[in-house]
Amino acid sequence: MAAGGSYSIVEYFGGDDGYRCGYCKHENGNFSHGMWSHTMTVQDYQDLIDRGWRRSGKYVYKPIMNKTCCPQYTIRCHALNFHPSKTHKKTLKKVNKFLSKGEMPVEKQEEGHEGEPMDSVHEEGVQPPPQDPLKIDHSEVQDITTSPDTDTTNSTAPTTPREDAAPAPVEKNPNATPKPGKGADPNRPHCRKAKDIRKERRLQKEQQKQQEGVSSSVKPAQSKSSPNQTKSLEEFITESLPNDPLHRLEVRLVRSNPPSPQFKASFDASYQVYKLYQMAIHKDPPDKPTESQFKRFLCDSPLEAEMAPDGPEVGYGSFHQQYWLDGRIVAVGVLDILPSCVSSVYLYYHPDFSSLSLGTYSALREIAFTRQLQQQSPKLTYYYLGFYVHSCPKMRYKLIEFLTPLAVSATCSAASHLACIWFSASLANKGLGAVLKLGRRATEDDGKAVQRELCV
């Protein structure tokens, strides 16, 4: 029950019957607890998603982890600790370059990676659509999957000339420069492996930081003007944009439930972008993404609009974050603003702008938006990316791009508490399978304890 006296009203459906999985396409291997939420407070939904639940429209569901074919783990990013990677910076520069000069990058897509499935809709009589809220340019993901310790240099060249190349001279000069092709130049330093050079640089940086820490304790005023200070995410978003760019991008937040006047005025334009996205990215036939399906999936929400003295100025509830380019909608991010997080529900965009990597760009904007809300509401610190499915290759971007460290949330039903497993992203590729097995074992009693987890 909310502070104002509101109640959450749900209708529980159970999870005994299996249905088709949108990830591995198993006809009846997907099992989950589900309930239709007539109305729900934002605090109740916050408690639910912290325990592995997720909403699709007004339907709220939780995978049965020890039974379903593709376990789905709730993951989140600590917005305040997030630092953009090299790939993130490239994406932001690419979008800013388009806004400044109108240069559209050439799209590079691998076959079979034209889009990601969206979150399941587990309504009775409804075929679950393909799943997942963000579309990421996978050609960019590969740039950061390469190990930083990979040796890309050639092996060290021989330091002595070939003995059988020419008759030996009468007198050898060790400092004489050999002829081309006769060996290494002794006057030059020996070749070094790139790995050793990186280690040396890393040690130098650590020593420099230690020296700066000592000097800052003596002269704290000098630390402000450090030229090596890392730029924030917000600075990268607005970097290199002139005062009069060729294209103007405006981000508007409109409440979708109850629908605000701004949401109603832009509804048709937003729906048309969604329809084009579903047909181009997910290959839906023109008659499938209907207006009623759009409303049920992305506009209807059980969350009540709430305002709190210690909450953000926009309040809590469900919103559409619209990206307007030169006066028209080109992308929309569907968000839930909750007491402790911003939860990403879905993203759709105009296919003409797919080469701008709007999936990554919108996620970065949403992280920046979470940080902005945190300044108004200190406890709102997390950005939820939805589910992570280890067996789905199209989900790997969530692990690689946004989670450092990674938080995998699983419910320990027997103890009735939330177990969060944290580990470094550098160990993710080695130990993720074992960690997910641990989280899966923690949920073996889900079916018996599901009633205790309903925070209503």
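Because the structure is predicted, anything quoted here is derived from the model rather than measured. Counting restarts for each chain, with residues numbered from 1 along the sequence as it is written. Local features in a predicted model are, by the rule used here, given only for residues with pLDDT of at least 70; side-chain atom pairs are given and counted only at 80 or more, and totals for whole chains, interfaces and linings are based on all residues. Only hydrogens and water are set aside when side-chain values are computed; all heavy atoms of the structure are taken into account.

Chemist: Can you break down the overall build of the chain residue by residue, with the values?
Modeler: Going along the chain from the N terminus, every DSSP run of H or I of four or more residues is numbered as a helix, and every run of E of two or more is numbered as a strand. In terms of regular secondary structure, the chain is built from twelve helices and twelve strands. Partly exposed describes any residue whose relative accessible area lies between the buried limit of under 20% and the exposed limit of over 50%, with all areas from a 1.4 Å probe on protein chains only and scaled to the type maximum. Counting only residues that meet the buried cut, the chain has 46% of its 456 residues in that class. The contact definition used throughout considers only heavy atoms, calling two residues in contact when any of these lie within 4.5 Å. Sequence separation of at least 24 residues holds for 69% of the intrachain contacts in the chain that already meet a minimum separation of 6. When the accessible surface of the chain is split by element, carbon and sulfur atoms take 51% of a total near 23500 Å². Areas reported here follow the Shrake-Rupley algorithm with a probe of radius 1.4 Å; residue values treat only the protein chains shown as occluding.

Chemist: Please give an account of the pattern of salt bridges that cites residues and values.
Modeler: Note on definitions: salt bridges are taken to be side-chain nitrogens of Lys or Arg within 4 Å of carboxyl oxygens of Asp or Glu. Under the definition given, this model contains nine salt bridges. Among the salt bridges present, the one from Arg-20 reaches Glu-27, with a minimum N-O distance of 3.8 Å. For Arg-20, a relative accessible area of 27% gives the class partly exposed. A salt bridge links Lys-97 to Glu-103, with the nearest nitrogen and oxygen atoms 3.3 Å apart. A relative accessible area of 38% means that Glu-103 is categorised as partly exposed.

Chemist: Tell me about the packing of helix H2 (residues 86–101) against helix H9 (residues 358–376), and name the residues and values.
Modeler: Axis separation between H2 and H9 bottoms out at 10 Å; the angle between their running directions is 100 degrees. Taken as axis vectors, H2 and H9 run roughly perpendicular relative to one another. Across the interface between the two elements, His-88, Thr-91, Leu-92 and Val-95 from H2 touch Thr-360, Tyr-361 and Leu-364 from H9. Note that Gly is not counted as nonpolar here; it falls among the polar residues with everything else outside the nonpolar set of Ala, Val, Leu, Ile, Met, Phe, Trp, Tyr, Cys and Pro and the charged set of Asp, Glu, Lys and Arg. Of the residues that constitute the contact of H2 with H9, the class distribution is four nonpolar, three polar and no charged. Here the axes come from fitting lines to C-alpha atoms, over the contacting stretch only for helices, and the angles between their N-to-C directions go from 0 to 180 degrees. Orientation categories follow fixed angle ranges, with anything under 35 degrees roughly parallel, anything over 145 roughly antiparallel, 65 to 115 roughly perpendicular, and all other angles oblique.

Chemist: Kindly report on helix H7 (residues 267–281), identifying the contributing residues and their values.
Modeler: End to end, H7 covers 21 Å across 15 residues, agreeing with the expected 21 Å (1.5 Å per residue, within 8%). Elements that come into contact with the buried residues of H7 comprise helix H6 (261–265), helix H8 (291–299), strand S7 (317–325), strand S8 (328–337) and strand S9 (341–349). Looking one or two residues beyond H7, the residue adopting positive phi is Lys-283, at roughly 60 degrees. An expected span of 1.5 Å times one less than the residue number is assigned to each helix.

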